[in-house]
Amino acid sequence: MTNTVLHKAATRGHANHGWLNSYHSFSFASYYNPERIHFGALRVLNDDTVTGGMGFGTHPHDNMEIISIPLEGDLEHKDSMGNTAVIRKGDVQVMSAGTGIYHSEYNKNKNEAAKFLQIWVYPNKKNVKPRYGQATLNKADRHNTLQTIISPNAKNELWIQQDAWFSMGNLDKDITVKYNLKKEGNGVYVFVLAGDITVNGQQLQTRDGFGIWNVQTLNIKADSPAEVLLMEVPMTIN
Amino acid sequence: MEQVEILVTGRHPQIMDTVLRLINQHGNWNASGALSDEVAIELFQQRAFRLVLLCSGISEESEKKLRALFTFQNPGIIIVQHYGGGSGLLTCEIQEALDKAAAKNKPVVQYKDGLL
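Counting restarts for each chain: residues are numbered from 1 in the order of the written sequence. Each chain gets a letter, beginning with A, and each ligand a number, beginning with 1, in the order they are written. Per-residue local features are limited, in this predicted model, to residues with pLDDT of at least 70; the limit for side-chain atom pairs, both in listing and counting, is 80 or more; totals at the level of whole chains, interfaces and linings are taken over all residues. Side-chain descriptors were evaluated using all non-hydrogen atoms of the structure, hydrogens and water having been removed beforehand.

Caption draft 1: Here's a closer look at the overall build of chain B. Helix and strand definitions follow DSSP, with helices as H or I runs of at least four residues and strands as E runs of at least two, each counted in order from the N terminus. Along the backbone of chain B there are four helices and four strands. Taken from the N to the C terminus, the helices and strands of chain B come in the order β-α-β-α-β-α-β-α. Dimensions of chain B, computed from C-alpha atoms along their principal axes, come out at roughly 60 × 30 × 25 Å. Classification of residues uses two cut-offs on accessible area relative to the type maximum, computed with a 1.4 Å probe and protein chains only: under 20% is buried, over 50% is exposed, and between them is partly exposed. In chain B, which comprises 116 residues, the share counted as buried stands at 47%. Pairs of residues are marked as contacts when any of their non-hydrogen atoms sit within 4.5 Å. When contacts within chain B are restricted to residue pairs at least 6 apart in sequence, those whose partners lie at least 24 apart make up 71%. Residue exposure ignores everything except the shown protein chains as possible cover, and the areas themselves are Shrake-Rupley values with a 1.4 Å probe. Summing over all exposed atoms, chain B offers an accessible surface of approximately 6600 Å²; the carbon and sulfur share of this is 52%. Computing the positive centroid from 11 side-chain charges and the negative centroid from 13, chain B places the two 5 Å apart. Charge assignment: positive for Lys and Arg, negative for Asp and Glu; neither His nor the chain ends contribute. Lys charges are placed at NZ, Arg charges at CZ, Asp charges at CG and Glu charges at CD.

Given below as structure tokens:
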């Protein structure tokens, strides 16, 4: 039998630190909700807005697959592996924190806010060698279809240490797309970036989250022009 | 409220410093760190810890050994794997583990109809 969990946008955790305005789909930092710890291997989904010129100073990470998806503005990244990069809307960044890394992330623009999703996925192997990847994706490849942006395939630049696949789609009104799960035992967490959609009968609006598992196929219908992120992850953690 | 003694063990000195600092910012938690199995075992024998937090860099063999030893010496010890290396998940991981342990140890009270 199919299982689902619905997280309406307004029920997310919220922390406004002035320079950082963050909405948490799952428990994070000072937001603790025992009912919302994770969706399978998906542990963090933060919807962050960073004011101009501000950001996260140097801080550590370990044993986590960290995916950043800029939605507006530019983020400047520096890390202990020697990477210095700017990630922009249309880019995706992945980091396997493994045995441990340090990094900082700042809004590169002084006068504009930067918006981005910060997503953490539990790795399927602990203490791997830290790794950084970044790529610019062609947004045309997700128009009225689903574009795979993250996979476990190490041949791609954007791969993570987990049997997880992320996809994005920009859908015109009334378009329906199908998503077939790639691995048995996985579930999909659907996050609506913009617009209204219906997923297997469940209506969703902007920034709603919808987890679904014990299912093989998702039918995603755009009830308005919509932008959607699908995160397919294992439902059990190693 | 009772002070919760926490033993943190890992292999990354800078992450250890960060984790210890973050835990010790919490009023009711007190953390001690060990960067090797030997120090972790020594500290565990000296002090009454409530929870052990396993951080990055510990080999599978070491983890197995530490878990077996700590559980043998204190069957009620809570052992938690820490992920993420910083402030994001730390509080939640510790709080969730303490809540679960408290719920497990809570006496079950059964009421019979008509008695209340």
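Caption draft 2: Representation of unusual backbone geometry within the structure. Residue and element names in this part refer to chain A. With a phi close to 75 degrees, Asp-174 is a non-glycine residue in the positive phi region. Residue position: Asp-174 is located in the loop between strand S14 (165-171) and strand S15 (176-180). Judged by its relative accessible area of 47%, Asp-174 is partly exposed. Even without glycine at this site, Arg-207 takes up a positive phi of about 70 degrees. Tracing the backbone shows Arg-207 in the loop between strand S18 (202-204) and strand S19 (209-213). Note on Arg-207: relative accessible area 17%, which makes it buried.

Geometric values such as these leave the question of function open.
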